[in-house]
Amino acid sequence: MIANAPTPPIPHIIDGKQTAEDIKAEIALEVAALKAAGKKAPHLAAILVGHDGGSETYVRNKVLACERVGFGSTLLRFEDDITEAELLAQVDDLNRDPEIDGFIVQLPLPAHINPEKVIEAIRPEKDVDGFHPMNIGRMVAGLPALLPATPSGIVELLSRQGIKTSGKHAVVIGRSNIVGTPVSILLAKNLDTANCTVTLCHSRTRNLAEICRTADIVVAAIGRPEFVTADMVRPGAVVIDVGTTRVPDATKKSGYTLKGDVNFAEVAPLASAITPVPGGVGPMTIAMLLLNTLRAAKGEIYPNPAS
Ligand code: GUN
């Protein structure tokens, strides 16, 4: 090495797992206070259809997280030949069940079931995923809403890590309803934790690499392993990796490795801060889902007749 050569900045690896633990500890305190006041514990239900490995892991982690904070939890499992009408009937049962404060239908669903129809059937007050058009609309309008968990988890993670967002250029890659579109809306909001100038890039974007290089904050949410490479990232940028693709790996006991949308080895040395996969955004999604369930139970957004 040449003497006095500038040393690259040491990137800050954002510990989403620890931040999520902090939030869960705060939730657990609130649950204990609710119980001490003679109220029932918040209760989250999850519907899981079929045997997708990723979905099974996510739902298992969501149920375990409920237990950790003192929530009640219910897991309803169905084979992937369940009809749309049968699934809608299950949704209706959960809508009417006073014990259940919030529930999610894990996506993706089998091809013969229309996910929009299922999401629209969930009562907005119990839509703790924040996917119902009522919650999306209220979010866009700046009204109190149950916010989608991954996007609000990203904003919360930036805030709790002390990463300044006001006036920054955030480039979001991917326009899914679950992450890309809502996070672009949240980051642009006139809030202390947002106030970014946002560019939303997608499969038809021209000059994607060039646009990414102008970003102060890159949010990669495309589901393509290691898509974001070093040439796409400005030195000093903050990089948030939402990808969690299972890539076959014979050296692993599970038979796969979880890969993010960012080539971590290449990009981390350039970034001022970066989320790892796993241990970055994923745990925050679960923490925010629990927070939404607590809000639903307390009737913070919509009145809850049971609270
Ligand atoms: N599939 C991938 N992410 C999510 C999520 O946040 N909620 C649900 N319900 N399904 C998903």
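Before any of the text, the structure's been laid out above.
Report on the accompanying structure. None of these values were measured; they are calculated from a predicted model.

1. Here we look at the sheet that holds strand E11 (residues 273-274)
Inference 1: Pairing is parallel in the open sheet, where 6 strands are placed in the order E1-E11-E8-E7-E5-E6. Strand pairing shows two members of the sheet lacking a second neighbour, strand E1 (12-13) and strand E6 (197-201), which therefore form its edges.
Inference 2: Of the strand pairs in this sheet, strand E8 (residues 238-241) and E11 are connected by 2 bridges, and their pairing is parallel. Paired with Val239 across the bridge in E11 is Ile274.
Inference 3: Of the strands in this sheet, strand E5 (169-173), E6 and strand E7 (217-220) touch helix H7 (residues 180-188), which is tilted by about 170 degrees from E6.

2. A word on the nonpolar core
Inference 1: Of all hydrophobic cores here, the largest spans 48 residues; its most connected members are Ile27, Phe71, Ile154, Leu187, Val219, Ile240 and Val242.
Inference 2: A per-element tally of this core places helix H10 (residues 281-298) first, with 10 residues.
Inference 3: Judged by nonpolar contacts, the second largest core, of 18 residues, contains Cys212, Ala220, Val239 and Ala271.

3. Side note on a negative patch on the surface
Inference 1: A contiguous patch of negative charge, built from Glu79, Asp80, Asp81 and Glu86, is present on the exposed surface.
Inference 2: Topologically, Asp80 is positioned in the loop between strand E3 (72-78) and helix H3 (84-96).

4. Some details on the packing of helix H1 (residues 16-36) against helix H2 (residues 53-69)
Inference 1: Running from amino to carboxyl end, H1 crosses H2 at an angle of 50 degrees, the nearest separation of the two axes being 8 Å. The angle between the axes of H1 and H2 places the two elements in the oblique class. Across the interface between the two elements, Glu21, Lys24, Ile27, Ala28 and Val31 from H1 touch Ala65, Arg68 and Val69 from H2.
Inference 2: Across the contact of H1 with H2, the residue classes tally to 5 nonpolar, no polar and 3 charged.

5. Some words on the site of the ligand
Inference 1: Residues in close proximity to the ligand include Lys62, Val105, Gln106, Leu107, Asp129 and Phe131, which together make up its full environment.
Inference 2: Take Val105: an N or O atom from its main chain is 2.9 Å from a nitrogen atom of the ligand.
Inference 3: Taking Leu107, its main chain carries an N or O atom lying 3.0 Å from a nitrogen atom of the ligand.
Inference 4: Look at the ligand: alone it shows 280 Å² of surface, and the protein chains cover 84% of it.
Inference 5: Split by residue class, the shell around the ligand holds 3 nonpolar, 1 polar and 2 charged.

6. Details of H7
Helical periodicity: at 3.6 residues per turn, an α-helix aligns residues three or four positions apart in one direction.
Inference 1: Residues of H7 that are buried: Gly180, Pro182, Val183, Ser184, Leu186 and Leu187.
Inference 2: At its buried positions, H7 is contacted by helix H5 (133-141), helix H6 (149-160), E5, E6 and E7.

7. A short note on empty space enclosed by the protein
Inference 1: Scanning the model with the defined rule gives 2 cavities of 30 Å³ or more in all.
Inference 2: Volume-wise, the largest cavity comes out at about 50 Å³.
Inference 3: In this structure, the largest cavity is lined by Phe103, Ile104, Val105, Leu107, Leu109, Pro115, Val118, Ile119, Ile122, Asp127, Asp129 and Phe131.
Inference 4: Contributions of two or more residues to the lining of the largest cavity are made by strand E4 (102-105) and helix H4 (115-121).
Inference 5: Residues that form the lining of the largest cavity fall into these classes: 10 nonpolar, no polar and 2 charged.
Inference 6: A volume near 30 Å³ is recorded for the second largest cavity.
Inference 7: Lining of the second largest cavity is provided by Leu44, Ala45, Ala46, Val59, Lys62, Val63, Cys66, Ser73 and Thr74.
Inference 8: Secondary structure elements with two or more residues in the lining of the second largest cavity: strand E2 (43-49), H2 and E3.
Inference 9: Broken down by element, the residue count for the lining of the second largest cavity peaks at 4 residues, all from H2.
Inference 10: Counted by class, the lining of the second largest cavity contains 6 nonpolar, 2 polar and 1 charged residues.

Thresholds, definitions, all that
- Residues numbered from 1 in each chain as written.
- Predicted model: local features only at pLDDT ≥ 70, side-chain atom pairs only at ≥ 80, totals over all residues.
- Heavy atoms only, no water.
- Pairing = 2+ DSSP bridges.
- Helix = DSSP H or I, 4+ residues; strand = E, 2+ residues; numbered from the N terminus.
- Contact = heavy atoms within 4.5 Å.
- Axes fitted to C-alpha atoms, helices over the stretch in contact; angles between N-to-C directions.
- Core = buried A, V, L, I, M, F, W, Y, C linked by side-chain atoms within 4.5 Å.
- Buried < 20%, exposed > 50% of the residue type's maximum accessible area, 1.4 Å probe, protein only.
- Patch = residues over 30% accessible without salt bridge, like charges linked within 9 Å, V, L, I, M, F, W, Y side chains within 5 Å.
- Areas by Shrake-Rupley, 256 points an atom, 1.4 Å probe, with all protein chains shown as cover.
- Salt bridge = Lys/Arg side-chain N within 4 Å of Asp/Glu carboxyl O.
- Lys, Arg positive; Asp, Glu negative; His and termini not counted.
- Charge placed at Lys NZ, Arg CZ, Asp CG, Glu CD.
- Parallel < 35°, antiparallel > 145°, perpendicular 65-115°, else oblique.
- Nonpolar A, V, L, I, M, F, W, Y, C, P; charged D, E, K, R; others polar.
- Near = heavy atom within 4 Å.
- Polar contact = N/O pair within 3.5 Å; in protein donor to acceptor, adjacent residues only side chain to side chain.
- 1 Å grid on protein atoms, 1.4 Å probe; cavity = no way out; pocket = protein on both sides within 12 Å on 5 of 7 lines; lining within 4 Å.
- Points joined across faces, edges and corners; volume = space filled by probe spheres on them.

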